[in-house]
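What follows is the residue order along each chain.
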Amino acid sequence: MKCFPVILSAPSGAGKTTIARRLLEVRKDVGYSVSATTRTPRPDEVDGVAYHFLSTAQFEQAVQNGEFAEYARVHGNMYGTLRREVERVLASNRNVVMDIDVQGAMQFSASFPDAVRIFVLPPSGEALLARLKDRGTEDSATIATRLRDAIGEIGVIGEFEYVVVNDQLERAVAQVSCIIDAECLKRVNSPQSARIAAETVSVLKAELLHF
Ligand code: 5GP
């Protein structure tokens, strides 16, 4: 099977990280690409698990070294997808799930055209506000930046191949899972289906000779 990247993009607070985490629990054929960022770790975040936390100098060095498949400034911090992370997961024969912003999604799929882009929408503006505030991990200036950015992010929803509304976590995870299944079928079964179709036609033609 040819594995492929699955990009989840969403405004901050729409729940894409939770969807990605849950997806990893329910599917063995997906792995997660751990991004690099210059953002300060939140209290529960472990370096190398949530992100590779880098200083600005380290991030710039990684850019110079060509280590990123894409990178962008998001909400005032730098974030980037490390090529080695994507390759690590693909080499283990798993589809690679990435939680990246909309600019990163476009950049990434320009160099990896087989990437599947999924936009995760919150069920409403109120729900997004509540999730961002209840998380309690950002100060009010950071929340304001994220809300402003959310308006721009939702504005490019049309660039995505799929949209999943995260009104119920398990339903959203099931929908993302369906998308992965459909994309697997599209990629894996096309040559197989073409062979079966050709064989079927030749059997039918042979049979017709007896009529
Ligand atoms: P957070 O700080 O809440 O973890 O993430 C903030 C934003 O950065 C989210 O929209 C998230 O998708 C995005 N992000 C996380 N990793 C990457 C990455 O590797 N590249 C890009 N372009 N955005 C990322």
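Sequence order as written defines the numbering, with residues in each chain counted from 1. Since the coordinates come from a predicted model, pLDDT governs what is reported: local features require at least 70, and pairs of side-chain atoms require 80 or more to be given and counted, while whole-chain, interface and lining totals use all residues. To get the side-chain values, take all heavy atoms of the structure and skip hydrogens and water.

Engineer: An account of the overall build of the chain is needed here, citing residue identities and associated values.
Structural biologist: Put simply, DSSP H or I for four residues or longer makes a helix, DSSP E for two residues or longer makes a strand, and each gets a number counted from the N terminus. Tallying secondary structure elements over the chain gives seven helices and nine strands in all. Taking the principal axes of its C-alpha atoms as reference, the chain extends roughly 80 × 40 × 30 Å. Excluding contacts between residues fewer than 6 apart, the proportion of contacts in the chain whose partners are at least 24 apart in sequence is 68%. Counting only carbon and sulfur atoms, one obtains 57% of the accessible surface of the chain, whose full area is about 11,200 Å². Only four residue types enter the charge count: Lys and Arg as positive, Asp and Glu as negative, with His and the chain ends excluded. The atom standing in for a charge is NZ when the residue is Lys, CZ when it is Arg, CG when it is Asp and CD when it is Glu. Within the chain, the 27 negative side-chain charges are centred at a point lying 1 Å from the centre of the 24 positive side-chain charges. By definition in these notes, contact holds between two residues if any of their heavy atoms fall within 4.5 Å. Only the protein chains shown count as cover for residues, with accessible areas throughout obtained via the Shrake-Rupley method and a probe of 1.4 Å.

Engineer: Got a sec to walk through the sheet that holds strand β7 (residues 95–99)? Specific residues and values, please.
Structural biologist: Ordered in space as β2-β7-β1-β8-β9, the five strands form an open sheet in which the pairing is parallel. Sheet topology places β2 (30–32) and β9 (162–165) at the edges, where each strand pairs with a single neighbour. The sheet shows a mean angle of 30° between the axes of neighbouring strands, direction not considered. Angles shown run from 0 to 180 degrees and are taken between the N-to-C directions of axes, each axis being a line fitted to C-alpha atoms and, for helices, limited to the stretch in contact. Packing against the sheet, helix α1 (residues 16–26) makes contact with β1 (5–9), β2, β7 and β8 (116–121), and its axis sits at approximately 135° to β2. In the packing of helix α3 (residues 83–91) onto the sheet, contacts are made with β2 and β7, and the angle to β7 comes to roughly 145°. DSSP calls a pair of strands paired once it identifies at least 2 bridges connecting them.

Engineer: Please set out the side chain of R42 residue by residue, giving values where relevant.
Structural biologist: With respect to the helices, strands and loops of the structure, R42 is situated in the loop between β3 (36–37) and β4 (52–53). Exposed residues in this analysis have more than 50% of their type's maximum accessible area, buried residues have under 20%, and partly exposed residues fall in between, with area computed by a 1.4 Å probe over protein chains only. Residue classification places R42 among the buried residues on the basis of a relative accessible area of 16%. With residues near it in sequence (within four places) discarded, R42 still touches R135, T137, E138 and R146.

Engineer: Describe in detail the site of the ligand, supporting the description with residues and values.
Structural biologist: S35, R39, Y51, Y79 and D101 are the nearest of the 17 residues found near the ligand. Within the side chain of Y79, one N or O atom sits 2.5 Å away from an oxygen atom of the ligand. One nitrogen or oxygen atom from the main chain of G80 is found 3.1 Å from an oxygen atom belonging to the ligand. Within the complex, 96% of the 510 Å² of free accessible area of the ligand lies under protein. Looking at the shell around the ligand, the elements with two or more residues in it are β5 (68–74) and β6 (77–82). Note on definitions. A residue lies near a molecule or strand when any single heavy atom of the residue is within 4 Å of it. Two N or O atoms form a polar contact when they lie within 3.5 Å of each other; inside protein one atom must be a possible hydrogen donor and the other a possible acceptor, and for residues adjacent in sequence the pair counts only when both atoms belong to side chains.

Engineer: So what's going on with the packing of aromatic side chains? Which residues, and what values?
Structural biologist: Two rings from Phe, Tyr or Trp (for Trp, the six-membered ring) form a pair when their centres are within 6.5 Å of each other. A pair whose planes differ by under 30 degrees is stacked, one over 60 is edge-to-face, and the rest are tilted. According to the stated counting rule, one finds seven aromatic pairs in the structure shown. When the ring of F59 is compared with that of F68, the centres are 4.6 Å apart and the planes differ by 25°; the resulting orientation is stacked. An aromatic cluster is built from Y51, F53 and Y79, whose rings are joined through pairwise contacts. In this structure, R187 is placed above the aromatic ring of F4, and the distance from its NZ or CZ to the ring centre is 4.1 Å. Ring-over charges, as used throughout, are those where CZ of Arg or NZ of Lys falls within 6 Å of the ring centre and within 35 degrees of the ring normal.

Engineer: Hey, could you go over the pairing of β7 for me, with residue numbers and the actual values?
Structural biologist: Judged by how many residues are buried, β7 sits mostly within the fold: five of five residues are covered. Residues of β7 alternate between two faces, with N95, V97 and D99 on one and V96 and M98 on the opposite face, all of them buried. Pairing between β1 and β7: four bridges, direction parallel. Following the sheet pairing, L8 is matched in β7 by D99. As defined by bridge partners, β2 adjoins β7 across three bridges and the pair is classed as parallel.

Engineer: Got a sec to walk through the pattern of salt bridges? Specific residues and values, please.
Structural biologist: Salt bridge, as used here, is a side-chain nitrogen of Lys or Arg placed within 4 Å of a carboxyl oxygen of Asp or Glu. In the structure shown here, the tally under the stated rule is 14 salt bridges. When the shortest N-O distance is used, the salt bridge between R171 and D167 registers 2.8 Å. The exposure class of D167 is partly exposed, given its relative accessible area of 40%. One salt-bridge network, in which partners are shared between bridges, spans R22, E25 and E170.

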